Amino acid sequence: MPRMSAPGAESLSARLCQRLRTAIAENGGWLPFDRTMAMALYEPGLGYYTRGTPVFGSMPSSGSDFVTAPEMSPLFGHTLARQVAQALQATGTHEVLEFGAGSGALAEQLLEALGDAVQRYTIVDVSGTLRERQAERLARFAPRVQWSNAWPNEIEAVVVGNEVLDAMPVQLLHFDGHQWLERGVAIEGEAFTWADRATTLRPPGEGVFVPGTVTEIHPQAEAFVRSLAERLQRGAAFFIDYGFPEAEYYHPQRTGGTLMCHRAHQADANPLVQVGEKDITAHVNFSAIALAGQDAGLQVLGYTSQARFLLNCGLLDLLQGADVRSTAMAQKLITEHEMGELFKVLGFVKGADFGALGFAAGDRSHTL
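Cut-offs used in this document
- Residues numbered from 1 in each chain as written.
- Predicted model: local features only at pLDDT ≥ 70, side-chain atom pairs only at ≥ 80, totals over all residues.
- Heavy atoms only, no water.
- pLDDT = per-residue confidence, 0-100.
- Contact = heavy atoms within 4.5 Å.
- Salt bridge = Lys/Arg side-chain N within 4 Å of Asp/Glu carboxyl O.
- Helix = DSSP H or I, 4+ residues; strand = E, 2+ residues; numbered from the N terminus.
- Axes fitted to C-alpha atoms, helices over the stretch in contact; angles between N-to-C directions.
- Parallel < 35°, antiparallel > 145°, perpendicular 65-115°, else oblique.
- Left-handed = near helix turned anticlockwise from the far one by under 90°.
- Nonpolar A, V, L, I, M, F, W, Y, C, P; charged D, E, K, R; others polar.
- Core = buried A, V, L, I, M, F, W, Y, C linked by side-chain atoms within 4.5 Å.
- Buried < 20%, exposed > 50% of the residue type's maximum accessible area, 1.4 Å probe, protein only.
- Expected span 1.5 Å × (residues − 1).
- Bend = angle between axes of the 7 residues up to and from the residue.
- Polar contact = N/O pair within 3.5 Å; in protein donor to acceptor, adjacent residues only side chain to side chain.

(A) Structural view of the confidence of the model for the protein chain. With 94% of its residues at a pLDDT of at least 70, the protein chain reaches an overall mean of 93. Low pLDDT, under 50, characterises residues 1-5; the predicted model gives this stretch 10 contacts beyond four residues in sequence or across chains.

(B) Representation of the pattern of salt bridges within the structure. Per the stated rule, a full pass over the model turns up 14 salt bridges. Here Glu95 and Arg120 are joined by a salt bridge, their closest N and O atoms 3.0 Å apart. Placement of Glu95 in strand E2 (residues 95-99) and of Arg120 in strand E3 (residues 120-124) is noted, with a sequence separation of 25 residues between them. With its nearest N and O atoms 2.9 Å apart, the salt bridge here joins Glu341 to Arg364. A residue pair is termed long-range when its members are at least 10 positions apart, and Glu341 in the loop between helix H13 (336-340) and strand E16 (343-350) and Arg364 in the segment after E16 qualify at 23 residues. Three or more residues are tied together by salt bridges with common partners; here these are Glu108, Glu112, Arg137 and Arg140.

(C) How the structure looks around the packing of helix H4 (residues 74-91) against helix H5 (residues 105-114). Orientation of H4 relative to H5, taken along the N-to-C sense of each, is 55 degrees, at an axis distance of 8 Å. Here H5 runs oblique to H4, going by the angle between their axes. Our pair here, H4 against H5, has a crossing hand that is right-handed. Contacts between H4 and H5 pair Pro74, Phe76, Gly77, His78, Leu80, Ala81, Val84 and Ala85 from the former with Leu106, Gln109, Leu110, Glu112, Ala113 and Leu114 from the latter. Taken together, the residues of the contact of H4 with H5 break down into 10 nonpolar, three polar and one charged.

(D) Up close: the nonpolar core. Ranked by size, the top nonpolar core spans 47 residues in total, and within it Leu80, Val84, Leu110 and Tyr121 carry the most contacts. Tallying contributions element by element places H4 first for this core, with seven residues. When near neighbours in sequence (up to four residues on either side) are disregarded, Val84 contacts Val96, Leu110, Leu114, Val158 and Val160.

(E) Here's a closer look at H4. Counted at 1.5 Å a residue, the expected span for H4 with its 18 residues is 26 Å, and the 26 Å between its end C-alpha atoms agrees. The largest bend along H4 reaches roughly 25 degrees and is located at Arg82. Along H4, the residues classified as buried are Leu75, Phe76, Gly77, Thr79, Leu80, Ala81, Gln83, Val84, Ala87, Leu88 and Thr91. Among the residues of H4, the N-terminal cap falls to Ser73, whose side-chain oxygen and the backbone nitrogen of Leu75 are separated by 3.1 Å. Directly beyond the C-terminal end of H4, a positive phi value near 65 degrees is found at Gly92.

Below, the structure written as structure tokens:
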């Protein structure tokens, strides 16, 4: 059964589309895709993440569009907490800083598992409506939990970002067989349509590309990591997301890129319809993220699959005594055809040096 739109969703979408048409007109009839994606997801009060309709949940019947690992099983956060606890101790810090906390499920799990090891838990989230839901869910942990809609100037903490980098706007590039073009959005009648313009932008590396290839570059995600490096005085950071190393990301056979939309637990590849009513994501180029962090002063702790990371952190120990349903849901976190292999974990550290538990076996940093 198709999901019914939330009350007022159609009018919000119509207002967002009109605002997008205005932006296109003001930019000479063409808008780069990264600006389009930013408006579709984050336009105040109208974008997908700022309009207040549910997005996270395990089933379409909940009105949700997709499931994240913390929603799938509380053992995700409880296992990650072992790595966070080690990092807090190794860096001599007492704060966890989470970017894009979603429903608050991961924060709840980390706070439950870490106990007094966390003196302050700061959530940086641009969505006021999500912050309200998080505050309700985390009320029992007050006053240790606080919110911010901007970067702290200085950070001494363990930073966590689960499915944050994939939601950062990307630029689209199209190779026509002779040159690279930047793909943007124009208007045809009342509909949005793709339009390409000449550009000096290129994918990283020296890859060979098939004519017709469309792919993404990630300047905003790279800038995000550089900003983190500038502000992190002492601490560690762990990013969990779906993605690949650069050589795999820009493989000649990946001619369609990775851009994808999610609505009612269904995926499609057209972000120009139902604007504001569905999520838009792109896989992460972990090589570029690691290099951006390293160049800005961070040390790479490790890089591996979500399955290997969680197993290293003792997921199987936590599964002892779990009921059948809990075990089945937790296994989705590590099964190769579910989340285990597609999702990766990248760790950074600054101001300390330690062997991170989550990368003790199966570290793939050499592939970055």
